[in-house]
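Summary of the model geometry
Listed below, chain by chain, are the residues.
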Amino acid sequence: MSDINLLAENENLGGFREFLGFRVLEWEPGRVQASIPVAEHLLNRNGFVHGGVLTTLLDSAAGLSGTYCALPGNIRRCSTISLNTQFMSPAQEGVLRAEGVMLKRGSKIFFAEARVTLGDVLVATAQGSFRYVLGGDDENGVFAR
């Protein structure tokens, strides 16, 4: 991946992903790795990472897996159509790591899966379908404003 696009993705997170501490670690065609450090404001009343945080991480990783763009300064976008999640283990501290993988792509829609781990523990998984929006279906993307 272009270091310029990886830097831009991490600098232009937007409010919610920035609030979560979301970071893209690696990004290439069809695959992404991202992380969120566990923090007190991400915990539910039982002291575990809230399911909404895990779902956001899964959704973001799966969506990013289908929107890699090799052209520096250009981006691709998508919108989630459906996301099916499974929660396996609670998480309380550490760094959550997600891997998203694109499974199949059509002209306007792609299918992806993601998994979140905490060390060697599988915390959650998801499978989803995503629709390209705003020129995201073009491999060259569109200029990021």
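Residues numbered from 1 in each chain as written. Predicted model: local features only at pLDDT ≥ 70, side-chain atom pairs only at ≥ 80, totals over all residues. Heavy atoms only, no water.

1. Things to note about the pattern of salt bridges
The tally for this structure, following the rule as stated, stands at six salt bridges. Note that arginine 31 and glutamate 99 form a salt bridge whose closest N and O atoms lie 3.0 Å from each other. Linking arginine 31 in strand S2 (residues 31–37) with glutamate 99 in strand S5 (residues 95–105), this pair joins segments that are 68 residues apart in sequence. Given the relative accessible area of 19%, arginine 31 is considered buried. What emerges from the salt-bridge pattern is a single network uniting Glu26, Glu28, Arg31 and Glu99. (Salt bridge = Lys/Arg side-chain N within 4 Å of Asp/Glu carboxyl O. Helix = DSSP H or I, 4+ residues; strand = E, 2+ residues; numbered from the N terminus. Buried < 20%, exposed > 50% of the residue type's maximum accessible area, 1.4 Å probe, protein only.)

2. A word on the packing of aromatic side chains
Applying the stated criterion across every chain, the model contains three aromatic pairs. Where tryptophan 27 meets tyrosine 68, the ring centres are 6.1 Å apart and the plane angle is 85 degrees; that geometry is what we call edge-to-face. Separated by 41 residues along the polypeptide, tryptophan 27 in strand S1 (residues 23–28) and tyrosine 68 in the loop between helix H3 (51–65) and strand S3 (74–75) bring together distant segments of the chain. Tryptophan 27 gets classed as buried once you look at its relative accessible area, which sits at 9%. Here tyrosine 68 falls in the buried class, since its relative accessible area comes to 12%. With 5.2 Å between their ring centres and 15 degrees between their planes, phenylalanine 110 and phenylalanine 130 make a pair best called stacked. Linking phenylalanine 110 in strand S6 (residues 109–118) with phenylalanine 130 in strand S7 (residues 121–133), this pair joins segments that are 20 residues apart in sequence. On the basis of relative accessibility, which here comes to 0%, the residue phenylalanine 110 falls in the buried class. (Phe/Tyr/Trp six-rings, centres within 6.5 Å; stacked < 30°, edge-to-face > 60°.)

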